[in-house]
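One letter stands for each residue in the lines below.
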Amino acid sequence: MTDALVLDDVHKSYGNREAVHGISLTVKEGEIFGLIGHNGAGKTTTLRMISTLLRITSGSIQVYGYDVAKEPDKVRELISYLPEDAGAYKDLTGRRYLEFIANFFATGAEKDAMVQKGIELADLGDRIDSKVDTYSKGMMRRLLIARAIMPSPKLAIMDEVTSGLDVINAFEIREIIRSIAASGVTVIMSSHNMFEVEMLCDRVGLIDHGNLVLLGNPEELKNQYGAKSLEEVFVKVIKGAEGSQ
Ligand code: ATP
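What counts, and where the lines are drawn
Residues numbered from 1 in each chain as written. Predicted model: local features only at pLDDT ≥ 70, side-chain atom pairs only at ≥ 80, totals over all residues. Heavy atoms only, no water. Axes fitted to C-alpha atoms, helices over the stretch in contact; angles between N-to-C directions. Helix = DSSP H or I, 4+ residues; strand = E, 2+ residues; numbered from the N terminus. Parallel < 35°, antiparallel > 145°, perpendicular 65-115°, else oblique. Left-handed = near helix turned anticlockwise from the far one by under 90°. Contact = heavy atoms within 4.5 Å. Nonpolar A, V, L, I, M, F, W, Y, C, P; charged D, E, K, R; others polar. Pairing = 2+ DSSP bridges. Near = heavy atom within 4 Å. Polar contact = N/O pair within 3.5 Å; in protein donor to acceptor, adjacent residues only side chain to side chain. Areas by Shrake-Rupley, 256 points an atom, 1.4 Å probe, with all protein chains shown as cover.

1. Description of the packing of helix α3 (residues 94-102) against helix α5 (residues 137-149)
Between α3 and α5, whose axes approach to 10 Å, the crossing angle comes to 25 degrees. What the angle tells us is that α3 and α5 run roughly parallel. Crossing handedness for the pair α3 and α5: right-handed. Of the residues in α5, those touching α3 at G94, Y97, L98 and I101 are L143, L144, A146 and R147. By residue class, the composition of the contact of α3 with α5 is six nonpolar, one polar and one charged.

In structure tokens form, the structure reads like this:
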């Protein structure tokens, strides 16, 4: 299977404080990979480096063989990044917003097809023609996911994509993520919801204070730690790390 994403000994410092201390991992094409860890562990920093938005202090990141530091434009053609705090232009309708974004990627019939795909992904019914500032948080997130996925990225990078959503919206967004991965899109996402990560992700990486302390398939990790849930694995590993400090 093709390597969609390779992080090799990636470090990131803010000033003289190192936030990421040498993370190495590989994500295969079509995988859903979850980054988990407590607040401030380094998940967003890692996702932003993969997205070319933050400069790597040392080490390297490759997206489908392209180096994010040396070939950022090539990488940007292959990825979409959905930040946790993303928003949309509130004065536009959902449809106009998708059209506006599609302008950056395509013209003519190709653009129309992209917008149509976005409308189907967002699945907002006739509310697609309401202004974005009338949308609930769940509707807004569906529109943003549609925006991120409609240009058919090869790697979708999503930060806390279901945070703050109700059960139904979170469930439906997980269904969207499953279906895009089944169509060959690779997904790397962060989440604080262990249940979600266990249900959704093929593999997970646990970051603790900027270090990758655990990597594997949720089922294998549960067996390895004699745990009933990924949450229990998380607690055992983090408590163990605290005890050894
Ligand atoms: P959360 O789950 O709360 O979103 P996170 O795992 O995404 O946390 P990051 O946002 O990557 O964590 O932060 C990692 C560390 O880097 C934290 O100590 C944070 O304070 C620090 N940090 C993040 N951005 C900056 C910045 N722009 N300048 C200085 N320090 C930063």
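2. Structural notes on the environment of V68
On the secondary structure map, V68 appears in the loop between β5 (66-67) and α2 (72-78). Taking the C-alpha atoms as reference points, V68 and S51, separated by 17 residues in sequence, lie 7.9 Å from one another.

3. So, the sheet that holds strand β8 (residues 186-190)
Within the open sheet, the six strands sit side by side as β6-β7-β8-β3-β9-β10. Their pairing is mixed. At either margin of the open sheet sits one strand with a lone partner, and together these are β6 (79-82) and β10 (211-216). Strand-to-strand twist in this sheet, taken as the mean axis angle between neighbours without regard to direction, amounts to 15 degrees. Across the sheet, helix α1 (residues 43-50) is in contact with β3 (32-36), β6, β7 (155-159), β8 and β9 (203-208); its angle to β7 comes to roughly 150 degrees.

4. Some points on the site of the ligand
The ligand sits among Y14, R17, A19, H38, N39, G40, A41, G42, K43, T44, T45 and H192. Here an oxygen atom of the ligand and a side-chain polar atom of T44 are 2.8 Å apart. Its free accessible area being 630 Å², the ligand has 60% of it covered by the protein chains. Contributions of two or more residues to the shell around the ligand are made by β2 (17-28) and α1. With three residues, α1 is the largest single contributor of residues to the shell around the ligand.

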